[in-house]
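Okay, here's what each chain looks like letter by letter:
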Amino acid sequence: MTTTIRDWTLEKNDRNRPAKNPKGFEVVKFITNGEYRKSENLGISSEHHDSVNIFKKLGKDVQIVIVKCAHNSLKHHFFAFGSEADINRPLYRQAGKHIVPQDSKFRKFAIEDGLMTETDTHYYDVWHDWQTSGHGWTEPEQIAIDEVKKYRRQEAAKQRQVEAGDNVEFHANQSWREGMVLATIEKRALIAYRMPQGAVYMVLVDHDPDVPQAKRGLGYRESDPFSSCIKDHRYSSKYQSISANALKKNSKWMAEVQKFDGFEDGNVEQGLQFLGEEL
């Protein structure tokens, strides 16, 4: 078999090219509230000062995504995103991962120098400090951008609150019930929901971004009674029932409810009856 110059060149290039990780580029860590950490190995240089300045421009809410390189198991790509920066133009830092065994003499010095904590198994040795886009690593950068977009969507969903007039699904008596938000005051919502027989009940429930999204009853592989009691929102699993008479005595909530059709004259029973016909 004759080997041409072209075949030999391709073979040589393939042999010299670093082996690609079967998993490709992989996100190994996602850091929220990221901070600038000085690289001990780079020391204080013009590159360090430039990196400090551009990192400050990211703002306070910074996310850092660390992506393992697909071509070099030691190389890791760092991407920093800030609330005051274009999400499509993150800062970039390149570093090598160093494993530090428990019995290593260097471990003590690495911890004292702030390179790692006592629970860490490794630290990152910075090769190139934070710099603006244009580094050429477009594939891991896109992976990092997608991760940050996903994170920010999830955070926005956690913070989203219902508003007066919203139709919602409220979980009561082991099932989802059609309901409507009658009023909101700060993080608390007054919700009226309808039972199958036609009766309408009211509850007060607090917004809680730390509560898991709704996973209750049929249709959920793992039902969670401590998840949100309102679908597509994050509200406490616990709520306070409130009767029509109790609502009438609460001038603060009553003033808000009277803005609804049917409740204008303060007749809560009449308003709930009208609402029950609509739900």
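Whatever comes next refers back to the structure up there.
Predicted, not measured: the structure shown is a model, and the values here were computed from it. (Residues numbered from 1 in each chain as written. Predicted model: local features only at pLDDT ≥ 70, side-chain atom pairs only at ≥ 80, totals over all residues. Heavy atoms only, no water.)

**Quick notes on unusual backbone geometry**
Unlike most non-glycine residues, Gln174 shows phi in positive territory, near 65 degrees. When you line up the elements, Gln174 lands in the loop between strand 6 (167-172) and strand 7 (175-185). At Glu186, a position not held by glycine, the phi torsion is positive, near 55 degrees. Relative to the helices and strands, Glu186 resides in the loop between strand 7 and strand 8 (188-194). With a relative accessible area of 75%, Glu186 lands in the exposed category. (Helix = DSSP H or I, 4+ residues; strand = E, 2+ residues; numbered from the N terminus. Buried < 20%, exposed > 50% of the residue type's maximum accessible area, 1.4 Å probe, protein only.)

**Things to note about the sheet that holds strand 7**
Ordered in space as 6-7-8-9-10, the five strands form an open sheet in which the pairing is antiparallel. The open sheet has two edge strands with one neighbour each: strand 6 and strand 10 (235-241). Between one strand axis and the next, the sheet turns by 45 degrees as a mean value, whatever way the strands run. Across the face of the sheet, helix 7 (residues 268-278) comes into contact with strand 7, strand 8 and strand 9 (200-207) while running at roughly 90 degrees to strand 9. (Pairing = 2+ DSSP bridges. Axes fitted to C-alpha atoms, helices over the stretch in contact; angles between N-to-C directions. Contact = heavy atoms within 4.5 Å.)

**Let's talk about the sheet that holds strand 5 (residues 122-131)**
With antiparallel pairing, the five strands of this open sheet are ordered in space as 1-2-3-4-5. Each of the sheet's edge strands pairs with one partner strand only, and the pair in question is strand 1 (26-31) and strand 5. In this sheet, adjacent strand axes meet at a mean angle of 25 degrees when their direction is disregarded. As defined by bridge partners, strand 2 (residues 62-68) adjoins strand 3 (residues 75-82) across seven bridges and the pair is classed as antiparallel. Residue pairing for strand 3: Val62 is matched across the bridge by Gly82. Sitting on the sheet, helix 4 (residues 138-159) touches strand 1, strand 2 and strand 3, and the angle it makes with strand 3 is about 40 degrees.

**Description of the packing of aromatic side chains**
If you walk through the whole model with that rule in mind, you get 12 aromatic pairs. A ring pair is formed by Phe25 and Trp137, whose centres lie 6.4 Å apart and whose planes are at 75 degrees; its orientation type is edge-to-face. With Phe25 in the loop between helix 1 (5-16) and strand 1 and Trp137 in the loop between strand 5 and helix 4, this pair connects stretches of sequence that are 112 residues apart. With a relative accessible area of 9%, Phe25 lands in the buried category. (Phe/Tyr/Trp six-rings, centres within 6.5 Å; stacked < 30°, edge-to-face > 60°.)

**As for the pattern of salt bridges**
Once the charged atoms of two side chains with opposite charge are near each other, the side chains can pair. Evaluation of the coordinates by the stated rule reveals seven salt bridges. A salt bridge links Asp129 to Arg93; the nearest nitrogen and oxygen atoms lie 2.7 Å apart. A residue pair is termed long-range when its members are at least 10 positions apart, and Asp129 in strand 5 and Arg93 in strand 4 (residues 91-99) qualify at 36 residues. With respect to burial, Asp129 and Arg93 carry one shared label: buried. Close ionic contact of Glu155 with Lys158 constitutes a salt bridge, the shortest N to O distance being 3.3 Å. Here Lys158 and Glu155 lie together in helix 4, a separation of three residues that amounts to about one turn. Residue Lys158 is classed as partly exposed on the basis of its relative accessible area, which comes to 25%. (Salt bridge = Lys/Arg side-chain N within 4 Å of Asp/Glu carboxyl O.)

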